[in-house]
Amino acid sequence: MMARIFWALIILAISTFSASAERRLALVFGSGEYRSMRKLDNAVNDARLIERSLSELGFEVSLETNRDLKRMRRALDDFRQDAAGADVTLVYFAGHGVEISGDNRLLPVDADISSLDSFRASTLPLEEIRDAIASISKVGLVLLDACRNDPFGIVDEAGRGAKAVQQKLKEAVRPGLGRVGRADNILFGFAAAPGQVASDGDGDNSPFTTALSRHVGTEGLEIRSVLTLVQQEVYAASKGAQLPYVESGLPKVFFAADTGYVLSERERLLLAMAELTPALRSEVEQTAARNDVPLAPLYGSLLSANLASLTPVDRSNKLEEAARAYSEVQIRFKALGAADPAVMRLRSEAETSLEQGSFAEARLKLSQAAAIDATSSEELAKNLLERRLSEAETHLADAGIARTQLDRVAVDAALARAAALHAWIRREITASTISDDDLMRRISRSLFMLGWAEQAQWNLMAARLHLQESLDISKRLVDRDPSSAEARLAVIDAMAKISVNQLNSGDISGSIETSRLIIDEHTALTRQFPENTRFLFSLAKAHYDLSKVAKYRQQHLKEALKVLQRMKDVGVLGEREWLLKSVTDKLAELDMGHDRK
């Protein structure tokens, strides 16, 4: 019977359906205007956000901002009196927190850093908060966004160190907070793991508090499950750099199913992520870092495709495939166009869902976008064509998400729908009858993306058909406007994919001939636009690619090197430096007589 009462109190601490008769009180601190240490931009904002979130859940909240030690202790004394006998109490602190020889300290704004003894005397031991909560309520929650980094990184207006921090103090103080040990009926939630620091955030609030305010009101979840959602969201958003930590003296996790709340796909993913082994998490983190992609989509792929059951090598290959597919679908999202704002909104929402690893939600959004396009296709001929094209583009995006999910059946189905729509476009209106160049460019680009996606699926015949159609349209655009660099680059892009297609199909001589035509097009383009570094880089890349299959390998490598020496670096990723190293390495191999193709 007592256990049931206890659990009811825990659920009441986070449920919007809590009975008003239950007493729930919270004391919220936010300290940012430090006098002798680095100021924090977001700590007070964080405290105010949590005050609003807890008030909405029926807590009586006392807010204290930028308090010195005397005022913090007075607020804690008042809270001890006001909350005596409460069912649930909560203390939240946003600000600097440190550990001194295993003793956790929360720092008021007047913390004295002139010596270690002065520092100890002017900071608040976490034990005081623990003891206060233990003495006044049946259930206690302590939430600490107090591991902010570099508390002593302070500067004056001239940019110099504002105060000299005593070396003994520096050596004794450890940034972040340490373990607190079990305290019966009290849960501690930390913004970062023991001994680690937390981000203050780039926006108005810290990552921890942002996630906490979003999930604290989730119906039907016991508080530790709520904090698991917070933990995994911060972990994913920081790409593994920050992992919140929980120490609990509460009983076993409980889910309140009677509220009828169904967890979202995102929430289920976050909870599942928390159950994975450190080894699996490390594999995902390394793959995400190598490919510069978010963690959540890779975790979604790992779980939805049951990659944990594979060998490490096979699992690594599948994760790499999912990462590449994610990057490719991002490119497709950016290339998409739509005549309907609702379609653009749904695609944007789908892109966000994909980034969060919510594949079903993302694909549902795209299905809704495709349905809007499909049901609007009885308008004027041009609008009908635009709608069919937009629908095809949406199915292409769906194929990209399915590929990220490693669902090859769904990829083939989505590509087939896009191909069928393009067949309709081809039957109804030939490209030569379209006077709208922008629409022609969209059709060409969509065909190019379709061919690219089919090539990734090794559907080489279909890929060749659609790439050739894209090339034909782009050539017509060049005929209309020979000065259009965009149209000429589209021609080169299509030819490059066709060259790869020929090579994959075993037509090596055809691939070489197409590559030479590409170089001819590039050469003409760079003559017309001699200062365009992007065109020069593309020409050098074409020579390098041709050197892999052509007879005169060294000649093409030297041509690539000559072009690279004419240009400056392009792009933030140092593309020129990468290609320059590849070319020079290959030339060196040839000179030494042990070329590796």
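**Student:** Help me out: how do you make sense of unusual backbone geometry in this one?
**Tutor:** Residues other than glycine predominantly adopt negative phi, and peptide bonds predominantly adopt the trans conformation. The residue Asn66 is not glycine, and still its phi comes out positive at about 50°. By secondary structure assignment, the location of Asn66 is in the loop between strand E2 (60-65) and helix H3 (69-82). You can call Asn66 partly exposed: its relative accessible area is 28%. With a phi angle near 55°, Lys239 is a residue other than glycine that sits in the positive phi range.

**Student:** Explain the pattern of salt bridges to me, please; I cannot follow it from the model alone.
**Tutor:** If charged atoms from side chains of opposite charge come close, those side chains can pair. Taken as a whole and judged by the stated rule, the model has 27 salt bridges. Across the pair Glu391 and Arg388 runs a salt bridge whose closest N-O atoms are separated by 3.8 Å. Taken as a pair, Glu391 and Arg388 lie in helix H15 (residues 381-404) at a separation of 3 residues, close to a single helical turn. Notably, a salt bridge pairs Lys581 with Asp585, separated by 2.9 Å at the nearest N-O pair. Residue Lys581 and its partner Asp585 are both found in helix H23 (residues 575-592); the two are separated by 4 residues, about one turn of the helix. We classify Lys581 as exposed; its relative accessible area is 53%. Judged by relative accessible area, which is 34%, Asp585 ranks as partly exposed. Each of Lys318, Glu321 and Arg408 takes part in salt bridges that share partners, so that together they form one network.

**Student:** Any chance you could explain the side chain of Thr514 here in plain terms?
**Tutor:** Following the sequence through the fold, Thr514 ends up in helix H20 (residues 508-528). Overall, the relative accessible area of 11% leaves Thr514 in the buried class. Not counting residues within four places of it along the chain, the set of residues in contact with Thr514 comprises Met495, Ser499 and Gln502.

**Student:** Honestly, the pairing of strand E7 (residues 137-145) in this entry has me stumped. Any pointers?
**Tutor:** Regular strands have side chains that alternate between both faces of the sheet. Within E7, 8 of the 9 residues are buried, which leaves the element mostly enclosed by the surrounding structure. Where strand E3 (residues 86-94) lies against E7, 8 bridges are found, and the strand directions are parallel. The residue of E7 that forms the bridge with Leu90 is Leu141.

**Student:** I would appreciate a short explanation of empty space enclosed by the protein in the present structure.
**Tutor:** Inspection of the entire model under this criterion finds 4 cavities of 30 Å³ or more. Approximately 40 Å³ is the volume found for the largest cavity. For the largest cavity, the full set of lining residues is Glu328, Arg332, Ala399, Gly400, Arg403, Val411, Leu415, Ala453, Ala456 and Gln457. Elements that contribute at least two residues to the lining of the largest cavity include exactly helix H12 (312-335), H15, helix H16 (408-428) and helix H17 (437-456). Per-element accounting of the lining of the largest cavity gives the leading share, 3 residues, to H15.

**Student:** How should the environment of Leu561 be read in this particular structure?
**Tutor:** Looking at the element boundaries, Leu561 is found in helix H22 (residues 553-566). The exposure class of Leu561 is buried, given its relative accessible area of 18%. With 21 residues separating them along the chain, Leu561 and Ala540 place their C-alpha atoms 7.2 Å apart. Setting aside chain neighbours within four positions, we find Leu561 in contact with Leu580, Val583, Thr584 and Leu587.

**Student:** For this particular structure, what's the right way to read the packing of aromatic side chains?
**Tutor:** In this description, an aromatic ring pair is defined by two values, namely the gap between the centres and the angle between the planes. Under the definition given, this model contains 5 aromatic pairs. Between Phe190 and Tyr245, the ring centres sit 6.0 Å apart and the planes meet at 35°, which makes this aromatic pair tilted. In this pair, Phe190 is assigned in strand E9 (residues 186-190) and Tyr245 in strand E10 (residues 245-248), connecting sequence segments 55 residues apart. Here Tyr245 falls in the buried class, since its relative accessible area comes to 18%. Through pairs of rings, three or more aromatic residues link up here, namely Phe188, Phe190 and Tyr245. In this arrangement the basic side chain of Arg281 is found over the ring face of Tyr235, its NZ or CZ atom lying 4.4 Å from the centre. One residue, Arg388, lies across the ring of Trp424, its end atom 5.1 Å from the ring centre.

**Student:** What am I meant to see in the sheet that holds strand E5 (residues 103-106) here?
**Tutor:** Across a sheet, strands are paired by hydrogen bonds formed along the backbone, either parallel or antiparallel in direction. Across the sheet, 4 strands lie side by side as E6-E5-E4-E8; this open sheet has antiparallel pairing. The two strands at the open ends of the sheet, each matched to only one other strand, are strand E6 (124-125) and strand E8 (173-175).

**Student:** Mind showing me how you'd approach H17 here?
**Tutor:** Three- or four-residue spacings in an α-helix give side chains the same orientation, since the helix completes a turn every 3.6 residues. In this model, H17 (20 residues) spans 29 Å end to end at C-alpha, consistent with the 28 Å of a helix rising 1.5 Å per residue. Backbone geometry just downstream of H17 places Trp458 in the positive-phi region, at approximately 60°.

**Student:** Where do I start with the sheet that holds E7 in this structure?
**Tutor:** If you walk across this open sheet you meet the 6 strands as E2-E1-E3-E7-E9-E10, and the pairing is mixed. At either margin of the open sheet sits one strand with a lone partner, and together these are E2 and E10. Each neighbouring strand pair of the sheet contributes to a mean axis angle of 10°, computed without reference to strand direction. The sheet contact formed by strand E1 (residues 24-30) and E3 spans 7 bridges and is parallel. Residue Phe29 lies in a different strand from E3, and its bridge partner there is Phe93.

**Student:** How should the nonpolar core be read in this particular structure?
**Tutor:** It is characteristic of soluble globular proteins that their nonpolar side chains tend to be buried jointly. Within the largest apolar cluster, 70 residues are counted, with the highest numbers of intra-cluster contacts made by Tyr92, Phe119, Ile129, Leu144 and Leu212. Here this core takes 7 residues from E3, the largest share from any one element.

**Student:** What's the story with the packing of helix H21 (residues 533-547) against H23 in this structure? I'm lost.
**Tutor:** The geometry of a pair of packed helices is captured by two quantities: the angle between their axes and the separation between those axes. Close contact between H21 and H23 brings their axes to 11 Å; oriented N to C, the two are set at 30°. By the criterion of interaxial angle, the relationship of H21 to H23 is roughly parallel. Considering only the axes of H21 and H23, their crossing is left-handed. The segment H21 lies against H23, with Arg534, Phe537, Ala540, Lys541 and Tyr544 engaging Glu575, Arg576, Trp578, Leu579, Ser582, Val583 and Lys586. Considering only residue class, the contact of H21 with H23 consists of 6 nonpolar, 1 polar and 5 charged.

Quick notes on the rules
- Residues numbered from 1 in each chain as written.
- Predicted model: local features only at pLDDT ≥ 70, side-chain atom pairs only at ≥ 80, totals over all residues.
- Heavy atoms only, no water.
- Helix = DSSP H or I, 4+ residues; strand = E, 2+ residues; numbered from the N terminus.
- Buried < 20%, exposed > 50% of the residue type's maximum accessible area, 1.4 Å probe, protein only.
- Salt bridge = Lys/Arg side-chain N within 4 Å of Asp/Glu carboxyl O.
- Contact = heavy atoms within 4.5 Å.
- Pairing = 2+ DSSP bridges.
- 1 Å grid on protein atoms, 1.4 Å probe; cavity = no way out; pocket = protein on both sides within 12 Å on 5 of 7 lines; lining within 4 Å.
- Points joined across faces, edges and corners; volume = space filled by probe spheres on them.
- Phe/Tyr/Trp six-rings, centres within 6.5 Å; stacked < 30°, edge-to-face > 60°.
- Lys NZ or Arg CZ within 6 Å of the ring centre and 35° of its normal.
- Expected span 1.5 Å × (residues − 1).
- Axes fitted to C-alpha atoms, helices over the stretch in contact; angles between N-to-C directions.
- Core = buried A, V, L, I, M, F, W, Y, C linked by side-chain atoms within 4.5 Å.
- Parallel < 35°, antiparallel > 145°, perpendicular 65-115°, else oblique.
- Left-handed = near helix turned anticlockwise from the far one by under 90°.
- Nonpolar A, V, L, I, M, F, W, Y, C, P; charged D, E, K, R; others polar.

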